[in-house]
Amino acid sequence: IVAITSNRGLCGAFNSNIIKHCLSMQKENYDGKQVDFIAIGKKAQDLIGKRHTVISNHSHIYDALNFNNAADVAEELMHLYTDGSYDKIELVYNKFKNAATQIVTTEQFLPIVPMEQSTNTSADYIFEPEKAAIVEQLIPKSLKTQLFKAIRDSFASEHGARMTAMHKATDNATELRDQLKLTYNQARQAAITNEILEIVGGAEALNN
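Let us look at the structure shown here.

All right, on to the overall build of the chain then. A tally of regular secondary structure across the chain gives four helices and five strands. Listing the helices and strands of the chain from first to last along the sequence gives β-α-β-α-β-α-β-β-α. Taken over the C-alpha trace, the chain has a radius of gyration of 29 Å; the compact-globule value for 208 residues is 17 Å, which it surpasses by more than 25%. Counting only C-alpha atoms, the chain reaches 115 × 40 × 35 Å along its principal axes. When the 208 residues of the chain are sorted by exposure, 31% land in the buried category. Counting only contacts in the chain whose residues sit at least 6 apart along the sequence, the fraction spanning at least 24 positions is 65%.

In structure tokens, the structure reads:
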């Protein structure tokens, strides 16, 4: 399972949702089977690594997030599958919907899931180069693009989650400030009222 999280916190439940989903998958879908994790992001390494095996960590990818760096990780995943180390690889990440909403998404990376054909076509095509050569080139590029897209989705979701978390923190701080200000004003008013009563009481005592 490839867990894609962020390197930093202060983004609400962004990272914890991924960790909970990964652990739930490990328990419910693969109970009794060997499940290892690959972390993309320091939070996945720190939180999952406490309980399970993390075979590699690619948190450095956020230092320069580009297609080439994502392609290197994708090649590592493809190698783990082709050499028989693992028979299934899945990606778990936050899919960006909008700034306030991120959807925890699971995508099968390998083996490739064939697309359902809705219509039967009997047209005869001429392939140049041959079909095998095209497939050998397109499949790795498609997998690299899939991983890069997932990481970019997660990266955008992280910023949205952090913006929402900071907005809520600002609202809570403003509400707390207003409550403290009201409490202070009430205490100050009570103190002033007591002083006035003492002055009036002292003046009346002198007059009597």
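With 24 residues, the main nonpolar core has I40, F109, L147 and I151 as its most contacted residues. Per-element accounting of this core gives the leading share, six residues, to helix α3 (residues 67-82). The residues touching I40, leaving out its near neighbours within four places in the chain, are V2, A3, I4, T5, H58, I61, Y62, V73, L147 and I151. I19, F37, A39 and A44 belong to the second largest nonpolar core, which has 15 residues in total.

Another point: α3. Here α3 spans 22 Å end to end across 16 residues, near enough to the 22 Å set by a 1.5 Å rise per residue. Those residues of α3 that fall on the buried side of the exposure criterion are A70, A71, V73, A74, L77, M78 and L80. Of the surrounding elements, those touching the buried residues of α3 are β1 (2-4), β2 (37-40), β3 (54-57), β4 (89-98), β5 (101-110) and α4 (131-207). The residue sitting at the N-terminus of α3 and contributing the capping side-chain oxygen is N66; that oxygen lies 3.2 Å from the backbone nitrogen of N68. Downstream of α3 by a residue or two, G84 has a phi angle that is positive, lying close to 85°.

Moving on: the sheet that holds β4. One open sheet accounts for five strands, arranged β3-β2-β1-β4-β5; its pairing is mixed. Looking along the sheet, the strands with just one partner apiece sit at the ends: β3 and β5. For this sheet the average axis-to-axis angle between neighbouring strands, irrespective of direction, equals 25°. Inspection of the sheet shows β1 paired to β2 by three bridges, in the parallel sense. Each bridged residue has a counterpart across the sheet, and for V2 the counterpart in β2 is I38. Against the sheet, helix α1 (residues 14-28) engages β1, β2, β4 and β5, with an angle of about 145° to β4. Sitting on the sheet, α3 is in contact with β1, β2, β3, β4 and β5, with an inclination near 45° to β5.

For the rest of this paragraph, the subject is unusual backbone geometry. Looking along the chain, the bond that leaves L110 and enters P111 is cis, with omega of -5°. With respect to the secondary-structure elements, P111 resides in the loop between β5 and α4. Positive phi, normally seen in glycine, also occurs at L10, with a value near 60°. In this fold, L10 is placed in the loop between β1 and α1. Under the relative-accessibility criterion, L10 is labelled exposed at 67%.

Evaluation of the coordinates by the stated rule reveals zero disulfides. Take C11: it sits in no disulfide, and the sulfur closest to it among the cysteines is that of C22, at 15 Å. Using a relative accessible area of 3% as the deciding quantity, one classes C11 as buried.

Reading guide: rules and limits
Residues numbered from 1 in each chain as written. Predicted model: local features only at pLDDT ≥ 70, side-chain atom pairs only at ≥ 80, totals over all residues. Heavy atoms only, no water. Helix = DSSP H or I, 4+ residues; strand = E, 2+ residues; numbered from the N terminus. Rg over C-alpha atoms; globule rule 2.2 N^0.38 Å. Buried < 20%, exposed > 50% of the residue type's maximum accessible area, 1.4 Å probe, protein only. Contact = heavy atoms within 4.5 Å. Core = buried A, V, L, I, M, F, W, Y, C linked by side-chain atoms within 4.5 Å. Expected span 1.5 Å × (residues − 1). Polar contact = N/O pair within 3.5 Å; in protein donor to acceptor, adjacent residues only side chain to side chain. Pairing = 2+ DSSP bridges. Axes fitted to C-alpha atoms, helices over the stretch in contact; angles between N-to-C directions. Disulfide = S-S within 2.5 Å.

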